[in-house]
Amino acid sequence: MNTVKTIRELHAAVAQARAEGKQIGFVPTMGNLHAGHTALVAKAAQRSDFVVASIFVNPLQFGPNEDLGTYPRTLAADQEKLFEAGCHLLFTPDVEEIYPGGMAGQTRVCVQGVAEGLCGASRPGHFDGVATVVTKLFNMVQPDLAVFGQKDFQQLAVIRTLVRDLNMPVQIIGEPTVRAEDGLALSSRNGYLSEEQRRAAPALYRSLQQIAASIRSGERDLAKLIAIAQQQQTAAGFRPDYLEIRESNSLRAASPEDRQLVILAAAFIGNTRLIDNLAFDLDAVT
Ligand code: PAF
């Protein structure tokens, strides 16, 4: 696996793979990789011939009071994991390589609809930052397909919308969330948790499972289910940010008639903000 830092080197390596007739798969990341990321790379390796990953902690998607400065940077360990998962080329640009004119005057991509509410409301500008950097990375790599985690459910919806609305010739593949044995969704931000917080953290996903179980057994008072789940989160030591039930294809607020649902949550434990979601289909046989 080669690691390159410049767009010029990236272009040369991808052009060579293309000249050899290879399909290009792409996995953009911010590094500090865990089994959730390596599953994305493994999927890209299954579905393409030449896998490119990027590690870039994108300042444009962080708010002023967020963790850009402390976001964990673990390049050597990441390189090993990527290689083992089947990555062929790693792109690790500096901020200047991606934003040579600075960020203030940078053209931005703003996805409508699915980017509003949820994390879009809690983190103003976040999805503009994500959509902008993903557009730039897609233009740099020119992949045939790209793989993203369903853990960031709204982000995946934003990227699918971006690709559709701007006619980008990239197939988007969503991969299921990878969880620890106790149910906690793997996330680079789990590393911020104290031992006690880590023990409490699976309560977030449990609260989503309880909502899903109640809906499956016929409960349709969604507001009541949300209130109960928020109480459970609070009792476990979380400060709920949002907890919403939406129709999973459109991300519009769910109505009692909807069959494909997703429960999305963000909550703080200490200073760490965790997100999770649970998508389910009431018509699916389980
Ligand atoms: O999900 C992430 O790690 C980031 O939001 C992404 C897609 C790499 C864009 O910076």
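Keep in mind that what you see is a predicted model, and the values were worked out from it rather than measured.

Novice: Provide a residue-level description of the UniProt feature "binding site: (R)-pantoate" (unreviewed entry) in the chain, including the pertinent values.
Specialist: With numbering matched to this structure, UniProt assigns "binding site: (R)-pantoate" (unreviewed entry) to Gln61 and Gln155. Over a stretch of 95 residues, the named residues converge on one spot in the fold, their C-alpha atoms separated by at most 11.5 Å. Within the fold, Gln61 resides in the loop between strand E3 (50–55) and helix H3 (75–85). The buried category is assigned to Gln61, whose relative accessible area is 9%. Residues in contact with Gln61, not counting those within four places in the same chain, are Met30, Glu66, Arg123, His126, Gly129, Val130 and Val133. Of note, Gln155 is situated in helix H7 (residues 153–165). Here Gln155 falls in the buried class, since its relative accessible area comes to 18%. Excluding anything up to four places from it in sequence, Gln155 contacts Phe127, Val130 and Phe148.

Novice: Summarise the packing of aromatic side chains; cite the residues concerned and give the values.
Specialist: One pass over the structure, following the stated rule, counts four aromatic pairs. Between the aromatic rings of Phe26 and Phe138, the centroid separation amounts to 6.2 Å while the plane-to-plane angle is 70°, which identifies the pairing as edge-to-face. Of the two residues, Phe26 sits in strand E2 (residues 24–29) while Phe138 sits in helix H6 (residues 126–141), which places them 112 residues apart along the sequence. We note that Phe26, like Phe138, is buried. One aromatic cluster in this structure is built from Phe26, Phe138 and Phe148. Over the face of the ring belonging to Tyr205 we find Arg179, whose NZ or CZ atom lies 3.4 Å from the ring centre.

Novice: Before we move on, could you go through the nonpolar core and cite the residues and values that matter?
Specialist: Core analysis: the biggest nonpolar cluster contains 49 residues, and Leu10, Val52, Phe138 and Ile172 have the highest contact counts within it. Take this core: its biggest share by element is nine residues, from H6. The contact partners of Phe138, leaving out residues within four places of it in the chain, are Phe26, Pro143, Ala146, Phe148, Val163, Met168, Val170 and Ile172.

Conventions and cut-offs
- The numbers attached to residues start from 1 for each chain and follow its sequence in the written order.
- It should be noted that, the model being predicted, local features are given only for residues of pLDDT at least 70 and side-chain atom pairs only at 80 or more, the latter also being counted only at that level, while totals for whole chains, interfaces and linings use all residues.
- Hydrogen atoms and water are omitted, and side-chain values are computed over all heavy atoms in the structure.
- UniProt positions are given in the numbering used here, feature names are shortened, and annotations may be inferred rather than shown by experiment.
- Put simply, DSSP marks the helices as runs of H or I at least four residues long and the strands as runs of E at least two long, and each gets a number from the N terminus on.
- Per-residue accessibility, obtained with a 1.4 Å probe over protein chains only, is compared with the maximum for each type, and a residue is labelled buried under 20%, exposed over 50%, and partly exposed between these values.
- The contact definition used throughout considers only heavy atoms, calling two residues in contact when any of these lie within 4.5 Å.
- The aromatic pairing rule takes the rings of Phe, Tyr and Trp, using the six-membered ring of Trp, and pairs them if the centres are within 6.5 Å, calling planes under 30 degrees apart stacked, those over 60 edge-to-face and the rest tilted.
- A ring is scored as having a charge over it whenever the NZ atom of a lysine or the CZ atom of an arginine sits within 6 Å of its centre and within 35 degrees of its normal.
- We call a set of buried residues a nonpolar core when its members are Ala, Val, Leu, Ile, Met, Phe, Trp, Tyr or Cys and they connect through side-chain atoms within 4.5 Å of each other.

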